[in-house]
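Overview (structure and organization)
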Amino acid sequence: MAGFAELLDGYRHFRTTDYARQRDRWAELREGQNPEVMVIACSDSRVDPAQIFDTSPGEVFVVRNVANLVPPFELDGKRHGVSAALEFAVTQLEVSEIVVLGHGSCGGVRAALTQAFRGKAPGEGGFIAHWIDLLDEARDRIIAEHGTGPEAIRALELETVRVSLANLRTFPCIPEREAAGKLHLHGAYFAIADGVLHVMDAEGDFAPA
């Protein structure tokens, strides 16, 4: 397991290897970033989009949170980290593609299914509970169809991608850019157990890439 000391060792290795090999690229990035793709992924330590997609510095603009969720467009005066990042990526960086990346063995999805943090105070699980209640409607539908076993967990993991894609389209800047052909949305799911990436088609079904 890596502690802070091991992270510093990793930095020193990076500084003398990858950074040195891509010195010209890093010099370009001093002038700013120009990624074409935004990836919305889970904070899970096992699912790093840059590693999964084998990207170089500056190629993807990444937002990570519990269960790779996008909240709907809301004007409630509160702070919205995902919404701010999305707004920046779309209206300022003008990314041409957004990928919502779900994954297997997701703790956030399991918590949504079991409602393990329901009723907890903020700071003791309440923030988690309020975040993953974005999945409540999908949860109820999936439990009615699959129960609460492994099949239901997998179904809800896939559903997080569909829910986030639907919520993305509640932001006015998204459908207008889609209609103009300037922006394309994609869904994907990384199965940790076998390392297979599944890509969502236009009908919402997933198949190995």
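Just above sits the structure.
Below is a summary of the structure that appears in this document. Keep in mind it's a predicted model, so treat the numbers as computed, not measured. (Residues numbered from 1 in each chain as written. Predicted model: local features only at pLDDT ≥ 70, side-chain atom pairs only at ≥ 80, totals over all residues. Heavy atoms only, no water.)

Extensive coverage of strand E3 (residues 97-103) is indicated by the burial of 6 of its 7 residues. Looking at chain direction, strand E1 (residues 37-42) and E3 are connected through 5 bridges and run parallel. Among the inter-strand pairings, Met38 is bridged to a residue of E3, identified as Ile98. With 7 bridges joining them, E3 and strand E4 (residues 184-191) adopt parallel strand pairing. Bridge pairing in E4 places Ile98 opposite Leu185. (Buried < 20%, exposed > 50% of the residue type's maximum accessible area, 1.4 Å probe, protein only. Helix = DSSP H or I, 4+ residues; strand = E, 2+ residues; numbered from the N terminus. Pairing = 2+ DSSP bridges.)

What follows concerns the nonpolar core. Core analysis: the largest hydrophobic core is formed by 27 residues, its most contacted members being Met38, Leu86, Val95, Ile98, Leu168 and Ile174. Of all the secondary-structure elements, those providing two or more residues to this core are E1, strand E2 (60-65), helix H5 (81-92), E3, helix H9 (150-168), helix H10 (173-179) and E4. The element contributing the most residues to this core is H5, with 5 residues. (Core = buried A, V, L, I, M, F, W, Y, C linked by side-chain atoms within 4.5 Å.)

Before going further, it helps to examine the pairing of E2. Taking every second residue as pointing to the same face, the buried face of E2 carries Phe61, Val63 and Asn65, while none of Val60, Val62 and Arg64 on the other face is buried. Summarising the sheet, E1 and E2 pair through 6 bridges and their orientation is parallel. Within E2, the position partnered with Cys42 by the bridge is Asn65.

It is worth spelling out the sheet that holds E4 at this point. Read across the open sheet, the 6 strands follow the order E2-E1-E3-E4-E5-E6; overall the sheet is mixed. Of all the strands in the sheet, the pair left with one neighbour each is E2 and strand E6 (206-208). Geometrically, the sheet is characterised by an average inter-axis angle of 25° between neighbouring strands, direction not taken into account. Here H5 sits on the sheet in contact with E1, E2 and E3, set at roughly 170° to E2. Strands E1, E3, E4, strand E5 (196-200) and E6 of the sheet are contacted by H9, whose axis makes an angle of about 160° with E4. (Axes fitted to C-alpha atoms, helices over the stretch in contact; angles between N-to-C directions. Contact = heavy atoms within 4.5 Å.)

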